[in-house]
Amino acid sequence: DAKTTQPPSMDCAEGRAANLPCNHSTISGNEYVYWYRQIHSQGPQYIIHGLKNNETNEMASLIITEDRKSSTLILPHATLRDTAVYYCIVRALARGGANSKLTFGKGITLSVRP
Amino acid sequence: KAGVTQTPRYLIKTRGQQVTLSCSPISGHRSVSWYQQTPGQGLQFLFEYFSETQRNKGNFPGRFSGRQFSNSRSEMNVSTLELGDSALYLCASSSDRGLETQYFGPGTRLLVL
């Protein structure tokens, strides 16, 4: 799987949009971009994923650049409960049809301040 | 739907012992993956089971093993525990093979003394 690069941390004010960047310059055409987050000591929570089109759900929006070498996760109105480590993962179908594993990096720690 | 459940949530063992952790996937999900999370190594993939067969395996020693039952519930076993096995063990389930979204349980925190 291609690797991703994320800054180690960022913060934003409560109520403002949080824009979390991710670089995946070696991504292949069949690889998806996934975002998970992990609130302290809990299991990772799925947020959103996409291939090349922008995606939006009730939690967030995912903006993927046209060349697919980077993406941005947007939390439109961050709350204190959004404080967590956010992981950007690039994932492709594994050989033999197995469920493709998730390769986690260090992620980005988002701190939402009051 | 109920989420992924893992038991026990906390466990303390001593070196040399063995441990079995259990994971019940979301109803209808047939794929179960296991991950280990430590402060030093982060989240690492252990193995994945689908229809009672191991489909994928990470780079862990043979002391780490798993199995899946016909009802999709899965167990993982660690034999001859070492101090370095202290970690949060996470289970994730998905509905089928391929790129289905994986949903994680709360994890089992294992402390080896």
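These numbers come from a predicted model, not from an experiment.

A.B. asks: Looking at this structure, I do not really get the sheet that holds strand E2 (residues 18–23) of chain A. What am I missing?
C.D. replies: The antiparallel open sheet is built from 4 strands, whose spatial order is E2-E7-E6-E5 (chain A). What marks the edges here is a single partner per strand, and that holds for E2 and strand E5 (55–56) of chain A.

A.B. asks: So what exactly am I meant to see when it comes to the nonpolar core here?
C.D. replies: Looking at soluble globular proteins, one finds that nonpolar side chains tend to be buried together. Grouped together as the largest cluster of nonpolar side chains are 22 residues, with contacts concentrated most on A:Leu20, A:Trp35, A:Leu73, A:Tyr86 and A:Leu110. The greatest single-element share of this core, amounting to 4 residues, is contributed by strand E8 (residues 84–91) of chain A. The residues touching A:Leu20, leaving out its near neighbours within four places in the chain, are A:Met10, A:Trp35, A:Ser71, A:Thr72, A:Leu73, A:Tyr86, A:Ile108 and A:Leu110. Grouped together as the second largest cluster of nonpolar side chains are 21 residues, B:Leu11, B:Trp34, B:Tyr89 and B:Cys91 included.

A.B. asks: Help me understand the environment of A:Tyr86 in this model?
C.D. replies: Residue and element names in this part refer to chain A. Secondary-structure assignment places Tyr86 in strand E8. Once residues lying within four places of it in the same chain are set aside, the contact partners of Tyr86 are Gln6, Leu20, Trp35, Tyr36, Arg37, Ile47, Leu73, Leu75, Gly107, Ile108 and Leu110. Here Asp82 takes part through its backbone oxygen, which lies 2.6 Å from a polar atom of the side chain of Tyr86.

A.B. asks: Sorry if this is basic, but what is going on with the state of the cysteines here?
C.D. replies: In this structure the tally under the stated criterion is 2 disulfides over all chains. Each disulfide pairs two cysteine sulfurs, and for A:Cys22 the partner residue is A:Cys88, the sulfurs being separated by 2.1 Å. An S-S torsion of about -85° defines the bridge between A:Cys22 and A:Cys88 as left-handed. With A:Cys22 in strand E2 and A:Cys88 in strand E8, this residue pair connects regions lying 66 residues apart in the sequence. An identical accessibility class is assigned to A:Cys22 and A:Cys88; each is buried. Residue pairing for B:Cys23: its cysteine sulfur links by disulfide to B:Cys91, the two sulfurs lying 1.7 Å apart. Between B:Cys23 and B:Cys91 the disulfide shows an S-S torsion of about -50°. By sign, it is left-handed. Of the two residues, B:Cys23 sits in strand E3 (residues 19–24) while B:Cys91 sits in strand E9 (residues 87–94), which places them 68 residues apart along the sequence. B:Cys91 matches B:Cys23 in its accessibility class, with the two residues each being buried. In this structure A:Cys12 is a free cysteine whose sulfur lies 18 Å from that of A:Cys22, the closest cysteine sulfur available.

About the criteria used
- Each chain carries its own residue numbering, running from 1 in the direction its sequence is written.
- For naming, the first written chain is A and the first written ligand is 1, with later ones following in the order written.
- Per-residue local features of the predicted model are confined to residues with pLDDT of at least 70, and side-chain atom pairs are confined, for both listing and counting, to 80 or more; whole-chain, interface and lining totals are unaffected and use all residues.
- Excluding hydrogens and water, the side-chain figures rest on all heavy atoms present in the structure.
- Two strands qualify as a pair provided DSSP detects at least 2 bridges between them.
- Per the convention used, a helix needs a DSSP run of H or I reaching at least four residues, while a strand needs a run of E reaching at least two, with both numbered from the N terminus.
- Only buried residues count toward a nonpolar core. Its members are Ala, Val, Leu, Ile, Met, Phe, Trp, Tyr and Cys residues joined through side-chain atoms within 4.5 Å.
- Note on exposure labels: buried denotes an accessible area under 20% of the residue type's maximum, exposed denotes more than 50%, and partly exposed covers the range between, all computed with a 1.4 Å probe on protein chains only.
- Whether two residues are in contact is decided by their heavy atoms, any of which lying within 4.5 Å being enough.
- What qualifies as a polar contact is a pair of N or O atoms within 3.5 Å, subject to a donor-acceptor requirement within protein and to the restriction that residues adjacent in sequence count only when both atoms come from side chains.
- Here, two cysteine sulfur atoms that lie within 2.5 Å of each other are counted as a disulfide.

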